[in-house]
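Architecture at a glance
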Amino acid sequence: MCFLDLDGFKSVNDQYGHEVGDQLLVAVSGHLKSVLRGDDTLARLGGDEFVVLLSEVGSTEECMLVLDRILQAVAAPVLVGNITVNVTCSVGVSLYPQDNVDPDTLLRHADQAMYVAKEAGKNRYQLFDPESDRVAQEHRQFLELLSQALGRDEFALFYQPKVDLFDGEIMGVEALIRWHHPQRGLLAPAEFLPHLRGHELEGAFGQWVLDAALKQVSQWADAGFSIRISTNVSAHYLLSADFCDHLAQSLALYPNVPPDFLELEIQESAEADVERTIETLQRCRQLGVHFALDDFGTGYASLNYLRRLPVETLKIDNSFIHDMLTSADDRHIVEGVIQLAAIFNRKVIAEGVETLEHGAALRALGCRYAQGFGIARPMEAAAVPDWCRHWRDDAVWRQLDPGAAGLDIQMK
Ligand code: C2E
Ligand code: CA
Ligand code: CA
């Protein structure tokens with residue numbers, strides 16, 4: 001089943017009038033008929049849309065041969081009066097029984113494929129792919145589910161402390177999203193965030209996170225517990241037109257939270273978005289918030305970008321921290337980033353600090369701030385104030401000893 005739509009028919013109508021348009025349709029039908037066989041069916045659905053039913057097609061290859069002939073037939077110049085008119089067509093095709101559905105769905109699938117052909121540049125055909133359609137459908141359903149779950153308030157933020165390895169101070173907490181799934185239990189962001197990427201729903205989630213984080217800090221402040229917070233902001237949400245306004249509105253809702261208590265962790269932008277990112281960060285900084293560059297070392301950032309980007313902090317990605325005690329390469333990367341941060345006058349924090357030995361090694365290399373399971377796992381809001389009290393009392397960080405890391409590094 002082929003769904004065929006002429007490319008540029010409207011402009012023929014606009015340019016030469018409907019009379020010429022009508023005659024063009026008649027001529028195109030004639031051209032189409034000439035490449036079809038006796039038991040094929042050609043129908044005009046309306047406007048410049050046609051449906052061709054090819055029967056007894058032996059293979060996909062055979063079908064493609066006919067489709068090439070159809071494209072050529074439609075693209076042939078048409079003489080109307082003394083005007084030569086050129087149009088092409090885009091064709092979407094569904095194959096039965098590979099796509100084993102009822103006739104109406106077969107037609108809808110052909111229509112869908114036709115849109116793909118248009119998107120891909122017109123004057124071409126596109127076969128409907130049941131497998132990729134299934135994936136696309138699941139994706140849509142999952143997004144729907146996420147949207148409902150957001151409405152039902154099934155998401156929560158967990159908080160992971162960031163500390164100063166030199167004096168044990170608690171710098172703040174990073175808010176990390178979780179999904180209390182009614183059937184599957186507590187889900188990590190990797191289970192659902194990737195589905196949101198680039199979708200408009202990502203903005204709704206981004207807003208929810210900002211709001212929930214500020215609300216939490218505000219409640220803590222009311223209870224006499226003062227702490228800074230970081231949230232993760234996806235590139236898509238950061239670069240959306242309303243981001244700064246949303247941020248300003250959220251901050252205004254919680255006047256007892258000083259804007260500089262909020263840090264936004266952003267990822268390195270793709271080359272094309274560098275200027276927009278810089279501009280957005282500059283606008284947001286006027287509100288008083290801070291920025292950190294997350295997962296540093298894994299993206300595209302050039303030194304020139306780094307120099308111009310108004311972020312206070314670089315966050316060394318945990319992939320480098322993980323093996324820094326055993327891999328000289330990784331340790332050199334960590335050292336390099338620490339030095340880079342010093343040169344560019346930025347703070348540097350290590351994430352994924354899983355043991356005290358990692359902490360000791362980082363401190364010895366001059367990395368002042370750290371976060372990771374070795375300090376604390378992400379925890380529910382209710383656990384944060386107690387954890388902070390214990391951290392200060394226990395003073396485990398005092399035990400950090402570069403010798404323990406087996407490193408021959410001078411303490412700075
Ligand atoms: P990230 O920003 O790099 O966050 C750090 C991730 O590493 C968190 O995973 C954290 O639980 C985990 N982690 C912390 N310490 C350690 C450690 O010592 N060892 C190891 N192996 N892992 C550690 P999580 O919470 O699953 O988040 C994964 C990613 O999802 C985050 O990576 C962030 O990119 C994204 N994410 C989380 N929450 C949000 C959010 O609210 N908004 C957006 N846009 N992204 C979020
Ligand atoms: Ca982060
Ligand atoms: Ca990371």
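Residues numbered from 1 in each chain as written. Chains lettered and ligands numbered in written order. Predicted model: local features only at pLDDT ≥ 70, side-chain atom pairs only at ≥ 80, totals over all residues. Heavy atoms only, no water.

Points about the site of ligand 1
The line we're drawing: By convention in this text, a residue qualifies as near a molecule or strand provided that one of its non-hydrogen atoms is within 4 Å of it. Polar contacts, as counted here, are pairs of nitrogen or oxygen atoms within 3.5 Å of one another; within protein the pair requires one atom able to donate a hydrogen and one able to accept it, and residues that are adjacent in sequence qualify only if both atoms are side-chain atoms. Areas reported here follow the Shrake-Rupley algorithm with a probe of radius 1.4 Å; residue values treat only the protein chains shown as occluding. Think of it this way: any DSSP run of H or I at least four residues long counts as a helix, any run of E at least two long counts as a strand, and we number them from the N terminus.
Close to ligand 1 lie 21 residues; Gln-160, Arg-178, Asp-294, Glu-354 and Phe-373 are nearest. Measuring from an oxygen atom of ligand 1, one finds a side-chain N or O atom of Asn-232 at 3.1 Å. Taking Asp-294, its side chain carries an N or O atom lying 3.0 Å from an oxygen atom of ligand 1. In the complex, 78% of the free accessible area of ligand 1, which totals 800 Å², lies under the protein chains. Secondary structure elements with two or more residues in the shell around ligand 1: strand 9 (170-181) and strand 13 (290-296). Among the elements that take part in the shell around ligand 1, strand 9 stands out by supplying four residues, more than any other.

A short note on the coordination of the calcium ion (ligand 3)
Which entries qualify depends on this criterion: Coordination partners: N, O, S within 2.8 Å of the metal, 3.2 Å for Na, K and Ca; water not considered, so apparent gaps in a site are possible. Summary of the burial criterion: residues with accessible area below 20% of their type's maximum are buried, those above 50% are exposed, and those between are partly exposed, where the area comes from a 1.4 Å probe applied to protein chains only.
Taken together, the protein ligands of the calcium ion (ligand 3) are Asp-295 (OD), Asp-317 (OD) and Glu-351 (OE), with distances of 2.0 to 2.8 Å. Donor residues for the calcium ion (ligand 3) sit on one chain with the sequence pattern D-x21-D-x33-E. The calcium ion (ligand 2) is placed at 5.7 Å from the calcium ion (ligand 3). Of this pair, Asp-317 sits in the loop between strand 14 (313-316) and helix 12 (318-322) while Glu-351 sits in the loop between strand 15 (347-350) and helix 14 (356-365), placing them 34 residues apart in sequence. Residue Asp-317 shares its accessibility class with Glu-351, and that shared class is buried.

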